[in-house]
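As a plain string of letters, each chain reads:
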Amino acid sequence: MASILRFRKLCYVEPVKCSSLGFQSYVTPKVGKKDDGIVPKVKTVVVEKKREQQKKKKKKRQPKEWRCIDYCCWMIGYMCTTWWLLLFLYHCLPATWPGFQVPESPGTRLKREGLTALHPVVLVPGIVTGGLELWEGRPCSEGLFRKRLWAGSFSEIFKRPLCWLEHLSLNNETGLDPPGIRVRAVPGLVSADYFAPGYFVWAVLIENLAKVGYEGKNLHMAAYDWRLSFQNTEIRDQALSRLKSNIELMYLTNGYKKVVVVPHSMGVIYFLHFLKWVESPPPTGGGGGSGWCAKHIKAIMNIGPAFLGVPKAVSNIFSSEAKDIAFIRSFAPGLLDSEILGLQTLEHIMRVSRTWDSIVSLLPKGGETIWGNLDWSAEEGHGFSFAKKGQASMSGNNLNNSNQRSLQLKDPVKYGRIISFGKEFPRTNTSTNFNSSCGEVWTEYDEMSRERIRKIAENKAYTARTLFDLLRSVAPKMMQRAEAHFSHGISENLDDPKYEHYRYWSNPLETRLPDAPDMEIYCLYGVGIPTERAYVYKSSPSEKCKNIPFRIDSSAEGDEGSCLKSGVYFVDGDESVPVLSAGFMCAKGWRGRTRFNPSGMETHIREYRHKPPASLLEGRGMESGAHVDIMGNVALIEDILRVAAGATGAEIGGDKIYSDILRMSERINIRL
Amino acid sequence: MPLVRRKKPAEAEKNSGSDSGNRNEKSEEGEEEENGKKRRLHKKNEKSKAKKAKEKGKWSCVDSCCWLIGCICTIWWLLLFLYNAMPASFPQYVTEAITGPLPDPPGVKLRKEGLTAKHPVVFVPGIVTGGLELWEGHPCADGLFRKRLWGGTFGEVYKRPLCWVEHMSLDNETGLDPPGIRVRPVTGLVAADYFAPGYFVWAVLIANLARIGYEEKNMYMAAYDWRISFQNTEVRDQTLSQIKSKIELMVATGGGKKAVIVPHSMGVLYFLHFMKWVEAPAPMGGGGGPDWCSKHIKAVMNIGGPFLGVPKAVAGLFSAEAKDVAAARAIAPGFLDNDMFRRQTLQHVMKMSRTWDSTMSMIPKGGETIWGDLDWSPEEGHVPIKRRQINNGTKLARQDETGSLGSQLKSAYFGRIISFGKDVAEAKSSEIGRTDFRDAIKGRNFANNTCRDVWTEYHDMGIEGIRAVAEHKVYTAGSVLDLLQFVAPKMMARGSAHFSYGIAENLDDPKYKHYKYWSNPLETRLPNAPGMEIFSMYGVGIPTERAYVYELSSSAECYIPFQIDTSADSREDEESCLKDGVYTVEGDETVPALSAGFMCAKGWRGKTRFNPSGIRTYIREYDHSPPANLLEGRGTQSGAHVDIMGNFALIEDILRVATGATGEDLGGDQVYSDIFKWSEKINLHL
């Protein structure tokens with residue numbers, strides 16, 4: 001302590017001394033020199049004397065030369081040395097700390113049980129998690145050739161943010177590359193094993209698969225450019241053809257063993273698209289013939305499937321907000337609203353993300369039948385209140401499985417109203433168009449007049465059906481582009497020839513599953529985390545350049561025990577996908593022989609209850625149920641490994657359900 | 001935040017109570033002075049300055065160390081910051097300022113000409129350049145899952161060398177994985193774009209291809225495990241099937257455009273194997289049918305291809321030495337020989353590399369017909385490269401050289417790939433007394449027990465065997481095989497099941513259907529694909545190992561008993577091509593021009609028995625000119641075996657062919673060496 005005190009004192013006192021001394025020492029020699037040069041030798045004696053004096057002074061000063069900079073250097077050196085020392089000690093630590101037993105990974109355990117690699121495994125990553133790299137760019141991106149723009153360290157965001165945004169956006173008209181820019185998906189397992197350094201996505205699963213004998217030849221990552229619409233990945237990159245060829249190759253080279261497909265998040269509907277594509281005839285399809293899936297695929301193990309879309313996507317497109325941003329806003333108002341460094345962060349994000357067609361694929365599907373109308377919703381009474389969450393985390397176990405349902409709310413929440421507007425609306429500002437002054441940040445909101453914005457807000461509530469009208473009016477270009485690739489309805493008659501079109505292939509409610517009675521479909525997802533379901537919006541009291549006129553009303557809080565928080569209604573789910581979307585198809589839509597599943601392939605629901613990591617040492621937890629963290633869930637990994645090693649759904653225990661998905665599905669009135 | 005908060009009150013406190021602070025300071029200074037005095041008593045003999053510093057008592061040794069480290073760190077960070085803040089085009093700007101404007105990279109140049117991606121391109125990397133990663137290992141390799149063991153930073157070599165050697169070795173019997181270890185090739189373009197950080201292999205070519213519109217979907221790196229024999233890559237990893245499927249896919253999705261294959265180094269042989277494999281019927285081959293190649297391949301552009309093997313491989317197998325090691329030994333004798341850190345580096349390397357079957361694919365093929373016998377070799381009378389290098393390789397100088405070729409008196413016997421003693425290497429064949437070594441009894445295991453865990457097959461040979469080998473004196477390309485069989489029986493037994501080194505008398509013999517002959521161009525026919533083109537592209541103008549002078553190593557038990565005789569230098573004439581015990585000829589530093597060019601110059605030219613469909617062949621040589629200055633890095637006109645991948649002329653040729661040009665469009669043959677003359681001298685039935 002004493003040394004620190006002394007150090008601090010020196011640091012703060014010394015500069016004053018230093019500067020005065022430094023000044024003297026700096027000036028006097030100069031004078032001396034001048035004298036030397038101009039004045040004849042008569043004065044040299046004097047100068048000599050002066051110099052001697054100076055020397056004496058210098059000698060005196062010598063010990064005091066311990067300057068501020070030196071202290072800084074000393075400090076830095078001290079810290080570095082300590083750091084290195086600690087690092088060295090850390091490296092010297094034995095890998096297995098005595099006493100601290102690392103829990104055995106499921107891979108090791110199952111290997112001991114005698115499981116070995118049998119069926120080849122295909123991993124299909126979801127949105128956002130896949131890496132993107134640059135193949136051709138504008139001059140501002142020099143030196144980034146084949147470097148990652150997305151995933152990895154993201155260091156370019158800080159170095160050249162605008163350049164980065166420019167390269168990640170797509171063409172606003174076509175949804176493909178803008179001229180002169182080619183950003184492509186990173187191929188191979190590296191594309192999505194880690195999203196950022198240390199933040200695993202598939203890495204844990206891959207490692208466990210490797211433990212039972214998987215390697216490059218029977219493990220394939222179907223990386224694709226997740227920004228594009230599904231059919232465009234084929235048109236631009238032939239990603240679907242490559243996936244087909246890879247599956248065929250692995251089937252062939254692994255002794256005619258069918259593959260097990262493990263898609264995650266958006267990869268689930270991407271693979272749904274693939275299933276239809278591969279059996280369709282050539283110009284738009286892969287021409288694999290009608291038996292392709294039955295021949296090549298053993299099981300599809302969907303992790304956190306977004307079959308029927310996610311409400312999050314709505315808020316994302318509508319105001320590029322999600323729960324996280326709304327929370328931040330309520331914590332630190334003014335932080336995101338102010339134009340930090342003139343960046344207009346949210347607006348930029350909105351502009352870029354609206355060029356990505358794939359987000360549209362995640363909009364809620366099935367309209368009011370599935371997601372509820374103004375007064376009714378399948379989940380009402382099953383809300384996820386924060387009081388319950390508190391209980392859950394306290395008791396921590398499946399005890400509260402029963403009382404979760406018993407805690408019925410008196411006034412059921414109207415989940416059907418995915419977007420509703422609060423009451424107050426500022427009627428003051430009626431200037432029509434403020435496009436001119438808003439600089440380069442362009443979002444389609446600029447083109448909307450104030451009147452229309454107000455009309456939107458006055459409509460008060462939007463359901464999953466009217467939502468599309470809303471989005472079409474706020475983002476006409478994007479919806480026009482993307483709706484050529486995606487559809488969100490429910491088909492009346494699946495024999496209608498229009499359903500041959502590829503835009504219906506990724507909607508499970510508008511396609512039939514392939515004719516493959518032996519194939520199995522799993523829905524594996526986490527439960528026990530509040531998940532966004534509906535939003536309370538307000539129109540923002542904007543001035544000129546606040547381009548996004550709507551935002552989540554983070555002041556809208558429900559009372560204790562309600563599931564409204566910071567303007568967002570929550571239900572049960574895995575933090576991103578509500579249980580209804582993840583489980584409905586497996587629970588009802590495809591169960592048994594339905595019109596969506598004519599060959600009657602088996603479906604299994606495997607839910608994993610969320611259990612937050614007990615301590616920091618556990619990292620992201622081994623029993624997590626969160627959308628991405630579930631990829632490290634031990635139980636889920638074990639299920640996948642068992643199926644990959646040849647087990648069937650019945651053998652791993654059939655359905656495992658914690659939530660109310662069956663009851664909810666029952667209430668949905670859909671013709672099967 | 002907490003930091004700032006904590007600081008501020010402290011400051012305020014100081015300002016308000018500065019008086020008390022001063023007082024404290026003074027008392028503390030007093031203490032320090034006392035301390036200083038004590039110390040002064042101990043160190044009277046120090047200089048006055050230092051004493052005065054001591055008086056203050058702050059400037060201790062630890063402090064100055066910290067200060068130094070701090071200074072260095074700060075400066076380092078500052079420089080790092082400046083470097084990061086530097087615009088990316090700055091180095092180029094400096095280079096241009098010094099050397100004048102650089103030529104456009106070929107990609108940019110051809111793009112201006114309007115060329116765009118057309119044919120899919122497949123790269124086949126060579127030996128050593130491909131990355132390998134760990135999929136399963138022993139406990140010592142904990143935490144290395146899917147980390148690179150080979151290629152990349154090689155950090156593990158230093159951290160746990162023995163563990164590394166253990167994981168890189170293969171099973172001595174099967175040539176496949178040892179139990180419990182799975183090391184697999186890295187896939188994708190990253191497998192071999194850079195070998196180590198900053199040391200490009202394919203990266204420059206890839207970047208130039210990307211400039212004219214290539215991307216992942218029409219480029220493919222056929223990465224394979226280069227340690228195992230070619231057929232084993234299919235048996236273990238199904239690599240050949242993968243390549244077949246990838247080429248089929250790219251041809252199908254690219255609108256039916258045939259693929260352009262660019263193999264490098266050993267990849268050339270690997271692809272030769274592939275072409276036979278893919279058309280062979282199913283159990284042993286890929287079952288693609290007899291016209292697969294003509295349907296899917298437009299051109300094979302071999303870069304630095306060791307079609308007929310490389311003499312370097314012999315030295316590598318015989319004593320784990322190559323020119324580099326020999327040169328190192330000449331410069332610093334005793335450095336490699338002594339048991340540094342008890343590592344026995346060379347022995348370990350030898351033990352490891354002898355488990356790699358693939359090295360045997362590069363043993364010289366074609367025996368004495370190609371590589372010359374005791375008295376004759378195709379390259380004899382060849383102008384030593386050294387003088388040409390002194391003349392700095394300008395073309396004028398070369399013409400003088402060829403003019404004075406007749407005056408060359410003494411020529412080296414390149415045919416003697418291994419000779420014991422320099423006098424033997426230079427003697428007339430009649431003067432050499434040879435005794436047959438094959439019957440020699442392999443003696444007692446003279447050193448097995450004392451040599452710790454380093455085991456090489458030499459220990460089984462015994463002293464008699466070693467002496468017998470040395471007494472045979474001279475080995476040609478034919479007898480070198482016997483020699484290797486004698487010194488490394490296990491390895492050669494494994495390898496002879498996968499490779500063959502002869503010349504076929506009758507290609508219709510059904511035995512040539514076996515895969516061991518597929519990678520030898522002298523024992524297989526090219527596929528029936530008259531539309532295909534084969535290019536042989538290699539650098540010339542660098543001395544390349546061709547023959548070795550060996551000696552029995554004098555040292556004790558635990559060493560490799562043979563080593564290159566680095567004292568064997570040609571004394572009088574500067575012009576001889578013997579240096580440090582190695583005879584060098586024209587080539588690209590690794591592959592002699594003869595090996596790289598012969599097949600395209602003669603063996604396959606026109607309709608021969610090796611090329612029944614008359615596939616057109618072209619030779620493209622690139623004269624080596626070393627980088628003018630350090631800023632150029634590894635040069636844009638290099639002809640060296642790996643650096644040639646950055647040669648602009650070569651890249652331009654590849655780009656032109658990939659965008660649709662034929663060999664004629666490129667200008668046909670481009671020859672600097674005497675390859676045609678040498679080929680003529682080789683008497684091979686075609």
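Residues numbered from 1 in each chain as written. Chains lettered and ligands numbered in written order. Predicted model: local features only at pLDDT ≥ 70, side-chain atom pairs only at ≥ 80, totals over all residues. Heavy atoms only, no water.

Visitor: Please explain the domain arrangement of chain A as it appears in this structure.
Guide: Accessible area lost upon the coming together of the parts serves often as the stated size of an interface. Residue and element names in this part refer to chain A. In terms of domains, chain A is made up of domain 1 (109-131 + 186-363 + 482-667) and domain 2 (132-185). With 25 residues of domain 1 at the contact, the number on the domain 2 side is 22 residues. Counting the surface lost from both domain 1 and domain 2, the interface buries some 2,000 Å², and carbon and sulfur atoms represent 63% of this. Considering only the side of domain 1, the residues that lose the most area to domain 2 are Val186, Arg227 and Thr355, jointly responsible for 27% of the buried surface there. (Domains from an automatic or database assignment. Contact = heavy atoms within 4.5 Å. Buried area = accessible area lost by both parts, 1.4 Å probe.)

Visitor: Would you mind showing me how to read the pattern of salt bridges here?
Guide: Where charged atoms of side chains with opposite charge meet at close range, the side chains can pair. Inspection of every chain in the model, using the stated rule, returns 48 salt bridges over all chains. Two residues, glutamate 483 of chain A and arginine 472 of chain A, come together in a salt bridge whose shortest N-O distance is 2.8 Å. One end of the pair, glutamate 483 of chain A, is in the loop between helix 20 (476-482) and strand 12 (520-527); the other, arginine 472 of chain A, is in helix 19 (residues 466-474), with 11 residues separating them in the sequence. The exposure class of glutamate 483 of chain A is buried, given its relative accessible area of 18%. What makes arginine 472 of chain A partly exposed here is its relative accessible area of 36%. The shortest N-O distance in the salt bridge between arginine 525 of chain B and aspartate 508 of chain B comes to 2.5 Å. (Salt bridge = Lys/Arg side-chain N within 4 Å of Asp/Glu carboxyl O. Helix = DSSP H or I, 4+ residues; strand = E, 2+ residues; numbered from the N terminus. Buried < 20%, exposed > 50% of the residue type's maximum accessible area, 1.4 Å probe, protein only.)

Visitor: Explain the domain arrangement of chain B to me, please; I cannot follow it from the model alone.
Guide: Residue and element names in this part refer to chain B. The domain boundaries assigned to chain B delineate domain 1 (2-21 + 39-85), domain 2 (113-223 + 232-308 + 527-536 + 594-678) and domain 3 (311-363 + 367-500 + 542-587). At the junction of the two partners, domain 2 supplies 29 residues and domain 3 supplies 26 residues. When domain 2 packs against domain 3, close to 2,600 Å² is buried across both sides, 64% of that on carbon and sulfur atoms. The closest approach of N and O atoms between glutamate 173 and lysine 490, which form a salt bridge, is 3.6 Å.

Visitor: Whenever I open this one, helix 3 (residues 68-92) of chain A confuses me. Can you help?
Guide: One turn of an α-helix holds 3.6 residues; hence residues three or four places apart share an orientation. Its 25 residues give helix 3 of chain A an end-to-end C-alpha distance of 36 Å, which sits within 8% of 36 Å, the value for a rise of 1.5 Å per residue. Of the residues making up helix 3 of chain A, those classed as buried are Asp70, Tyr71, Cys73, Trp74, Ile76, Gly77 and Cys80 of chain A. (Expected span 1.5 Å × (residues − 1).)

Visitor: I tried to follow the nonpolar core on my own but got confused; where do I start?
Guide: Phe123, Trp202 and Phe318 of chain B are the most contacted members of the largest nonpolar core, which totals 155 residues. Looking at this core element by element, the count peaks at 10 residues for helix 12 (residues 266-279) of chain B. When residues are assigned to domains, this core turns out to be shared by domain 2 (113-223 + 232-308 + 527-536 + 594-678) and domain 3 (311-363 + 367-500 + 542-587) of chain B, each giving three or more. Core analysis: the next-biggest nonpolar cluster, separate from the first, contains 151 residues, Leu219, Ala378, Tyr522 and Ala587 of chain A among them. (Core = buried A, V, L, I, M, F, W, Y, C linked by side-chain atoms within 4.5 Å.)

Visitor: Before we go on, may I ask you to explain the confidence of the model for chain B in this structure?
Guide: The predicted structure's coordinates, where accompanied by low pLDDT, should not be read in detail. Averaged over every residue, the pLDDT of chain B is 77; residues scoring 70 or more account for 74%. ipTM for the predicted complex: 0.79, alongside a pTM of 0.81. (pLDDT = per-residue confidence, 0-100.)

Visitor: Got a minute to help me understand the sheet that holds strand 17 (residues 616-623) of chain B in this structure?
Guide: Within a sheet, adjacent strands bond to each other through the backbone by hydrogen bonds, running parallel or antiparallel. Residues and elements named next belong to chain B. With respect to topology, 6 strands assemble into an open sheet ordered 7-1-8-9-12-17, the strand pairing being parallel. Unpaired on one side and paired on the other, strand 7 (219-221) and strand 17 mark the two borders of the sheet. Averaged over all adjacent pairs, the angle separating strand axes in this sheet is 15 degrees, with direction ignored. In terms of strand pairing, strand 1 (residues 121-124) meets strand 8 (residues 259-263) through 4 bridges, oriented parallel. By the bridge assignment for strand 8, valine 122 is matched with isoleucine 261. Lying over the sheet, helix 11 (residues 239-253) contacts strand 1, strand 7 and strand 8, oriented at roughly 175 degrees with respect to strand 7. Helix 24 (residues 593-603) rests against strand 12 (533-540) and strand 17 of the sheet, and its axis sits at about 155 degrees to strand 12. (Pairing = 2+ DSSP bridges. Axes fitted to C-alpha atoms, helices over the stretch in contact; angles between N-to-C directions.)

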